[in-house]
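Examining the three-dimensional arrangement
This is what each chain is made of:
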Amino acid sequence: MTINPSTVLTITAGWNRWVEDYINQGLGFKNSTVGLPSLLDGKADNFVGIGLSTTNGLGSGARALNPREVRTAAMDLTKIHGTHTMTTGFMFVGHQTPNAYSNQPSFNFGPGMTQGPDPTTANPATGWDFASFLLGTGSSGSVTTNASSVNSNEWYALYFQDDWKATRKLTLNLGIRWDYQTGVSERHNRNAYFNFSDLNPVSTAVGINVPGFLVYEGGGNGNRRRLYQSQNDNFAPRLGFTYNLAKKLVMRAGFGLFYSVNAEIGGYQGLDMYGFSQTTPYVGTVDGITPTNLLSNPFPSGLIQPTGKAKGALTNLGLSTDVWEGSRPTPYVEQWTTGLQYEITRTI
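Notes on the structure follow. (Residues numbered from 1 in each chain as written. Predicted model: local features only at pLDDT ≥ 70, side-chain atom pairs only at ≥ 80, totals over all residues. Heavy atoms only, no water.)

**Details of the overall build of the chain**
When helices and strands are counted, the chain shows two helices and 17 strands. Here the C-alpha radius of gyration of the chain, 29 Å, is well above what a compact globule of 348 residues would show, namely 20 Å. Looking at the chain as a whole, 35% of its 348 residues are labelled buried. A separation threshold of at least 6 residues defines the contact pool for the chain, and within that pool the share at least 24 residues apart is 73%. Total accessible area on the chain stands at roughly 19400 Å², and carbon and sulfur atoms take up 58% of it. (Helix = DSSP H or I, 4+ residues; strand = E, 2+ residues; numbered from the N terminus. Rg over C-alpha atoms; globule rule 2.2 N^0.38 Å. Buried < 20%, exposed > 50% of the residue type's maximum accessible area, 1.4 Å probe, protein only. Contact = heavy atoms within 4.5 Å. Areas by Shrake-Rupley, 256 points an atom, 1.4 Å probe, with all protein chains shown as cover.)

**Some remarks on the sheet that holds strand E6 (residues 106-109)**
With respect to topology, four strands assemble into an open sheet ordered E3-E6-E7-E15, the strand pairing being mixed. The sheet terminates laterally at strand E3 (49-52) and strand E15 (278-281), the two strands that pair on one side only. Adjacent strand axes in the sheet meet at a mean angle of 15° when their direction is disregarded. As defined by bridge partners, strand E7 (residues 140-145) adjoins E15 across four bridges and the pair is classed as antiparallel. Paired with valine 143 across the two strands is threonine 280, which belongs to E15. (Pairing = 2+ DSSP bridges. Axes fitted to C-alpha atoms, helices over the stretch in contact; angles between N-to-C directions.)

**Details of the sheet that holds strand E12 (residues 211-216)**
Read from one edge to the other, the open sheet built from three strands follows the order E12-E11-E16, with strand pairing classed as mixed. The outermost strands of the open sheet, each flanked by one partner alone, are E12 and strand E16 (324-325). Both strand E11 (residues 192-199) and E16 contribute to a ladder of two bridges, which runs parallel. Bridge pairing in E16 places phenylalanine 194 opposite glutamate 325.

**So, the packing of aromatic side chains**
Following the criterion strictly, the structure yields 13 aromatic pairs and no others. Centroid distance phenylalanine 107 to tyrosine 282: 5.1 Å. Interplanar angle 80°. Geometry classified as edge-to-face. With phenylalanine 107 in strand E6 and tyrosine 282 in the loop between E15 and E16, this pair connects stretches of sequence that are 175 residues apart. Taking the relative accessible area as the measure of exposure, tyrosine 282 reaches 3% and is therefore buried. Taking 5.5 Å as the distance between ring centres and 40° as the angle between the ring planes, the aromatic pair formed by tryptophan 128 and phenylalanine 130 counts as tilted. Taking the relative accessible area as the measure of exposure, tryptophan 128 reaches 46% and is therefore partly exposed. Among the aromatic residues, those joined into a cluster by ring pairs are Phe109, Trp128, Phe130 and Phe133. Seen from the ring of phenylalanine 276, arginine 190 lies directly overhead, with NZ or CZ sitting 5.9 Å from the centre. When the ring centre of tyrosine 228 is taken as reference, the NZ or CZ atom of arginine 328 above it lies at 5.8 Å. (Phe/Tyr/Trp six-rings, centres within 6.5 Å; stacked < 30°, edge-to-face > 60°. Lys NZ or Arg CZ within 6 Å of the ring centre and 35° of its normal.)

Right under this line is the structure:
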């Protein structure tokens, strides 16, 4: 929109949505039909994953349904005043990533259970992972009850730029930009970050200091709404000049600092929502040579059930935990450039 002969306003907005859907070949398979416990039929609607150390495994993965949404808005105002061409503006980008994963039990098999004649001594001439699989003597594995999530984050930016023709020979490019990215949040506050320093409540029971525990986002008690703290001092300068060194020779140089995306769209789709998504490990053996639980009944005590936030700082205690740290600096790139331009002829 032209406000007057020296002022132009531009406003843009956008909305983009697409769906990434991975449908595996084993979808709808009932694992009880091949001798696995029927409890897996209600947890996994696809063929189990069989990992073999030297032979091609079995299973085609689990279904993943991931709709994606990106919303954008921007406003730019350009004003020409004398020898100055000034531009200022605002930008907003919002990411939203709902994620729905089906569950796929996985079991791993190695040659150790079929090696001999002395099982305590490795013998590369004997043992076969597929033979261990046929015997149902696995080494490790797990099954996860996956909770669906709706993660989102936003990006805001303000900028000002002045292209100033200081003299007949010199033009300066002076600008500053401010970027602000929010941390990732989940619609129902089911994500958790990790407190590495404070003591876990289990310390009292075990009699030693055990630092570290999960902290759910939101929910009051001073807990932040986002998975990590946002930086509010991301200022990015833009400096450059063009100078006419001689009649046909021009020099250009510039510097810019650019902040990149802290959590790209989809980059946090694999976050485990502990307490809501729950993994039950398969213990095939304790010492590597004696079967503990056979594949025919891999979870004799049943599956660990999700507890939500009920256990607080004791959530997932004693189990493997993958989390984001509470502090996540914004990555950035510095770009420097300089160059000479010379007119050899009128057309070159």
